[in-house]
Amino acid sequence: QVQLAELGGGLVQAGGSLRISCVDSGRSFPNYAVGWFRQAPGKERLFVAGVSWNGITSYSDSVKGRFTISRDNEKNTVYLRMNSLEPEDTAVYYCAAARQLSLVQSGQIEYWGQGTQLTVSS
């Protein structure tokens, strides 16, 4: 069973960079596509980036070119590298897993993490 935990959120200045991680303690990651979603206060949770079990990636238009998702199946970990951060990136970031990348992209998620807060100051 997938058990997700996000690591690495925090406070960053605009223009800065940060990498957050998602670790699966259930060691089932290689069988799943994994994605990152974010939810700002008072707004809906939105897809940010996803990666299939074999490394195919997908990004929302708002982060394309600034964020990079990657995975290390041996470490049961998915990373989100975030560059050129903007105050609009401030949100709780959630890790999520589903059997296929298309399901992640459409929000049909089987497993969610608890979330990690990212705050970007101007």
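Please refer to the structure higher up on the page.
Residues numbered from 1 in each chain as written. Predicted model: local features only at pLDDT ≥ 70, side-chain atom pairs only at ≥ 80, totals over all residues. Heavy atoms only, no water.

Caption draft 1: The arrangement of the pattern of salt bridges in detail. Applying the stated criterion across every chain, the model contains three salt bridges. With a closest N to O distance of 2.8 Å, D89 and R38 form a salt bridge. Remark: R38 occurs in strand β4 (residues 33-39) and D89 occurs in the loop between β8 (77-82) and β9 (91-98); sequence separation between them is 51 residues. Across the pair, exposure class does not vary: D89 and R38 are buried alike. (Salt bridge = Lys/Arg side-chain N within 4 Å of Asp/Glu carboxyl O. Helix = DSSP H or I, 4+ residues; strand = E, 2+ residues; numbered from the N terminus. Buried < 20%, exposed > 50% of the residue type's maximum accessible area, 1.4 Å probe, protein only.)

Caption draft 2: Molecular detail of the sheet that holds strand β3 (residues 18-24). As summarised here, the arrangement of the four strands in space is β1-β3-β8-β7, forming an open sheet in which the pairing is antiparallel. Each end of this open sheet is capped by a strand with a single partner; those strands are β1 (4-7) and β7 (67-72). Each strand of the sheet is rotated relative to its neighbour by a mean of 15 degrees, with strand direction disregarded. As paired strands, β3 and β8 are joined by six bridges and run antiparallel to one another. Among the inter-strand pairings, C22 is bridged to a residue of β8, identified as V78. (Pairing = 2+ DSSP bridges. Axes fitted to C-alpha atoms, helices over the stretch in contact; angles between N-to-C directions.)

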